[in-house]
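Chain residues, written in single-letter form:
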Amino acid sequence: PQTGRLDKSQPLVCGHTAPVLDIDWCPHNDNVIASGSEDCTVMVWEIPDGGLTRSLTEPIVTLEGHTKRVGIVLWHPTAQNVLLSAGCDNVILIWDVGCGQSIISIDETHSDLIYSVAWNRNGSLICTSCKDKKIRIIEPRSGAIKAEKDKAMRAAARYADIFVCRDHDTDTGFQSDDSE
């Protein structure tokens, strides 16, 4: 593999109309990625075998449903064609990528910006961290909050939450000089 600065003529994946904020490689197909952008869309791309030979400007599908920028995209760990997105509209959408439709909307759970989302191993739960300083374990099919911890990381300006084994989660945080 090549390291260092890439040549400016290197082919790119470039279909969004604003900066891309997050990408995630599909765990079920090594050639598929999803991207979330400031343009409020999620796009799913298929990279040809052998890599890009020319810039890719047409996604497989464009997913529209967020009203503000999309900062998180995350494929379901076990179900094919299921993708989660979280936007600055404080909404989590779960998509059926095959039909290009949102199948679940979790829209009244978070009162502020969602910092991170993680699936558990089998995809039956998600864990979120939020600017409101709460960590939530949510059953995505119903949107029901299974557990909630208030002021989980008091000193951290931002934090992420991940599942580490079975249904146990752990947090990590960092201080920031930014005042959001």
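Further up the page is the structure itself.
Let me sum up the structure you'll find in this document. Note that the structure is a prediction, hence the values are computed from the model and not measured.

1. Thoughts on the pairing of strand β8 (residues 101–106)
Phase 1: One ladder, built from five bridges, connects strand β7 (residues 92–96) with β8; its direction is antiparallel. Bridge pairing in β8 links Ile94 to Ile104.
Phase 2: Taking the residues that link successive antiparallel strands as the turn, the β7-β8 hairpin has four residues, and the phi of Gly100 there is positive, at about 70 degrees.

2. A short note on the sheet that holds strand β9 (residues 114–119)
Phase 1: Pairing is antiparallel across the open sheet formed by four strands, whose spatial order is β9-β10-β11-β12. A single partner strand is all that each edge strand has here, and the edge strands are β9 and β12 (144–150). Within the sheet, the average angular offset between the axes of one strand and its neighbour, ignoring direction, is 20 degrees.
Phase 2: Across four bridges, the pairing between strand β10 (residues 126–130) and strand β11 (residues 134–139) is antiparallel. Across the sheet, residue Ser129 finds its bridge partner in β11, namely Ile135.

3. Side note on the environment of Cys130
Phase 1: Examined against the element boundaries, Cys130 turns out to sit in strand β10.
Phase 2: Cys130 sits 20 residues away from His110 along the chain, and the two C-alpha atoms are 7.1 Å apart.

4. Comments concerning the side chain of Asn90
Phase 1: Its location among the elements puts Asn90 in the loop between β6 (82–87) and β7.
Phase 2: Owing to a relative accessible area of 17%, Asn90 belongs among the buried residues under this scheme.
Phase 3: Within the local environment of Asn90, its side chain forms a polar contact with the backbone nitrogen of Leu113, the two atoms lying 3.3 Å apart.
Phase 4: Those residues in contact with Asn90 that lie beyond four places of it in its chain are Ile106, Asp107, His110, Ser111, Asp112, Leu113 and Ile114.

5. Re the environment of Ile103
Phase 1: The residue Ile103 is located in strand β8 in this model.
Phase 2: Ile103 sits 10 residues away from Leu93 along the chain, and the two C-alpha atoms are 7.6 Å apart.
Phase 3: The residues contacting Ile103, other than those within four sequence positions of it, are Ile94, Trp95 and Asp96.

6. Here we look at unusual backbone geometry
Phase 1: Positive phi, normally seen in glycine, also occurs at Cys40, with a value near 75 degrees.
Phase 2: Note that Cys40 resides in the loop between β2 (32–37) and β3 (41–46).
Phase 3: Backbone geometry at Asn81 places phi at a positive 65 degrees, although glycine is not the residue there.
Phase 4: Following the sequence through the fold, Asn81 ends up in the loop between β5 (70–75) and β6.
Phase 5: Classification of Asn81 as partly exposed rests on a relative accessible area of 40%.

7. Considerations on the sheet that holds strand β1 (residues 20–25)
Sheet strands line up and pair through hydrogen bonds in the backbone, either parallel or antiparallel.
Phase 1: Ordered by their spatial adjacency, four strands build an open sheet running β1-β2-β3-β4, and the pairing between neighbours is antiparallel. Only two strands of the sheet have a single neighbouring strand rather than two, namely β1 and β4 (61–64). Taking the axes of each pair of neighbouring strands and ignoring which way they run, one obtains an average angle of 20 degrees across the sheet.
Phase 2: Bridge count for β2 against β3 is five bridges, and the pairing is antiparallel. Residue pairing across strands places Ile33 opposite Trp45, the latter belonging to β3.

8. Comments concerning the pairing of β2
Phase 1: Most of β2 sits inside the fold, with six of its six residues counted as buried.
Phase 2: Burial along β2 is two-sided: Val32, Ala34 and Gly36 facing one way and Ile33, Ser35 and Ser37 facing the other are all buried.
Phase 3: Of the pairings in the sheet, the one linking β1 to β2 comprises five bridges and is antiparallel in character. Across the sheet, residue Ile23 finds its bridge partner in β2, namely Ser35.
Phase 4: Connecting the antiparallel pair β1 and β2 is a turn made up of six residues.
Phase 5: Connecting β2 to the antiparallel partner β3 that follows it, the hairpin turn spans three residues, and Cys40 within it adopts a positive phi of roughly 75 degrees.

What counts and how
Residues numbered from 1 in each chain as written. Predicted model: local features only at pLDDT ≥ 70, side-chain atom pairs only at ≥ 80, totals over all residues. Heavy atoms only, no water. Pairing = 2+ DSSP bridges. Helix = DSSP H or I, 4+ residues; strand = E, 2+ residues; numbered from the N terminus. Axes fitted to C-alpha atoms, helices over the stretch in contact; angles between N-to-C directions. Buried < 20%, exposed > 50% of the residue type's maximum accessible area, 1.4 Å probe, protein only. Polar contact = N/O pair within 3.5 Å; in protein donor to acceptor, adjacent residues only side chain to side chain. Contact = heavy atoms within 4.5 Å.

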